[in-house]
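Structural features, examined
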Amino acid sequence: MAGSRSPLAPPEIAERLRARFGEDVLDHQDVFGHAVVTVTPARYREVVAFLRDDRELAFDFFDFLGGVDYGERGIEVVTHLYSTVHNHHVRVKVRAESEDARVPTISDLYAGANWHEREAWELFGVSFEGHPHLVKLLLPEPFEGHPLRKDFELMSRVAKPWPGAVEGEEEEEEE
């Protein structure tokens, strides 16, 4: 591709983010050649915009957004971005409280994030502040709860009394 440059190594991506956002970059790792950075919720949106707009980073492709429930430690939103210009990857992680999980939307920065944020809201209960239309995507409207949360009670695990006769009793009644 004309004008493309070689990819930045994960530590270089992390250094650029640390230089710009300081202590709001809570952690960074190199995971199989991809930069993985954890940021504060307050700066999440700003970090993602910087990753997209900075010419040396140029993360122009939104790949996916999902959630991980860590129970009492909160819910982590994971966003994966890719640069088609430089051929490098970054995963941005942000942790939200379990009780009132809130993260700023990036759906106006990457149109593809719209449905991913709706899915994370529906299945994990993470509210994406500023999202234009958080409505159910997968589950029926009357469905209550967030089925990918660890505290969601699965129907298959709920013990219910059997409404029929005890096995063997139905034969005795016929005689």
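As a starting point, this report considers the structure included with it. Here, residues in each chain are numbered from 1, in the same order as that chain's written sequence. Two thresholds apply to this predicted model, a pLDDT of at least 70 for residue-level local features and 80 or more for giving and counting side-chain atom pairs, whereas whole-chain, interface and lining totals are computed over all residues. Working from all heavy atoms in the structure, the side-chain values ignore hydrogens and water.

1. Describing helix α1 (residues 10-21)
Quick note on the threshold: Helix and strand definitions here come from DSSP, where helices need a minimum of 4 consecutive H or I residues and strands a minimum of 2 consecutive E residues; each element is numbered from the N-terminal end. To estimate how far a helix should extend, the number of its residues minus one is multiplied by 1.5 Å. Only protein chains enter the accessibility calculation, which uses a 1.4 Å probe. A residue is then buried if its area is under 20% of the maximum for its type, exposed if over 50%, and partly exposed in between. The arc in question is the one spanned by the directions pointing from the helix axis to the C-beta atoms. A contact between two residues is defined here by any heavy atoms of the two lying within 4.5 Å.
Helix length check: α1 (12 residues) gives 16 Å between terminal C-alpha atoms against 16 Å at 1.5 Å per residue, within 8%. Along α1, the residues that are buried comprise Pro-10, Ile-13, Ala-14, Leu-17 and Phe-21. For α1, the angular spread of the buried residues around the axis is 95 degrees, confining them to a single face. When the buried face of α1 is taken as reference, the exposed residues oriented beyond 90 degrees from it are Glu-15 and Ala-19. The inward-facing, buried residues of α1 abut β1 (25-31), β2 (34-39), α2 (44-53) and β5 (89-96). Just past α1, the residue Gly-22 takes up positive phi, approximately 55 degrees.

2. What about the packing of α1 against α2?
As a reminder, the rule being used: Angles here are taken between N-to-C directions and fall from 0 to 180 degrees, while the axes themselves are lines fitted to C-alpha atoms, restricted in helices to the stretch in contact. Working rule for angles: under 35 degrees goes down as roughly parallel, over 145 as roughly antiparallel, 65 to 115 as roughly perpendicular, anything else as oblique. When the near helix sits turned anticlockwise from the far one by under a right angle, the crossing is termed left-handed; a clockwise turn instead gives a right-handed crossing.
Contact pair α1 / α2: the axes reach a minimum separation of 11 Å and the direction vectors enclose 125 degrees. Considering the angle they form, α1 stands oblique to α2. As for the relative orientation of α1 and α2, their crossing is right-handed in sense. Across the interface between the two elements, Arg-16, Leu-17, Arg-20 and Phe-21 from α1 touch Glu-46, Val-47, Phe-50 and Leu-51 from α2.

3. Considerations on the sheet that holds strand β3 (residues 61-69)
The condition is simple: DSSP bridges decide pairing: two strands pair if at least two such bridges lie between them.
Pairing within the open sheet is mixed, and its 5 strands lie in the order β1-β2-β5-β4-β3. For this open sheet the edge positions go to β1 and β3, each flanked by a neighbour on one side alone. Direction aside, the axes of adjacent strands within the sheet are offset by 20 degrees on average. On top of the sheet, helix α3 (residues 113-124) reaches β3 and β4 (75-82); it is set at about 5 degrees to β3, its chief contact.

4. A look at the side chain of His-88
Inclusion rule: Any N or O atom pair separated by 3.5 Å or less is treated as a polar contact, with the protein-specific requirement of one donor-capable and one acceptor-capable atom, and with residues adjacent in sequence counted only for side-chain atom pairs.
Tracing the sequence through the fold places His-88 in the loop between β4 and β5. A distance of 3.0 Å separates a polar side-chain atom of His-88 from the backbone nitrogen of Leu-8. If sequence neighbours within four positions are ignored, His-88 has contacts with Pro-7, Leu-8, Ile-13, Glu-56, Leu-57, Phe-59, Leu-81, Tyr-82 and Ser-83.

5. Let's talk about the pattern of salt bridges
As a reminder, the rule being used: A side-chain nitrogen of Lys or Arg and a carboxyl oxygen of Asp or Glu constitute a salt bridge if their distance falls within 4 Å.
Under the criterion given, the structure shown has 10 salt bridges. Notably, a salt bridge pairs Asp-24 with Arg-43, separated by 2.7 Å at the nearest N-O pair. Of this pair, Asp-24 sits in the loop between α1 and β1 while Arg-43 is found in the loop between β2 and α2, placing the two residues 19 residues apart along the sequence. Between Arg-45 and Asp-108 there is a salt bridge; the shortest N-O distance is 2.7 Å. Separated by 63 residues along the polypeptide, Arg-45 in helix α2 and Asp-108 in the loop between β6 (102-104) and α3 bring together distant segments of the chain. Linked through salt bridges whose partners overlap, the residues forming this network are Asp-24, Arg-43 and Glu-46.

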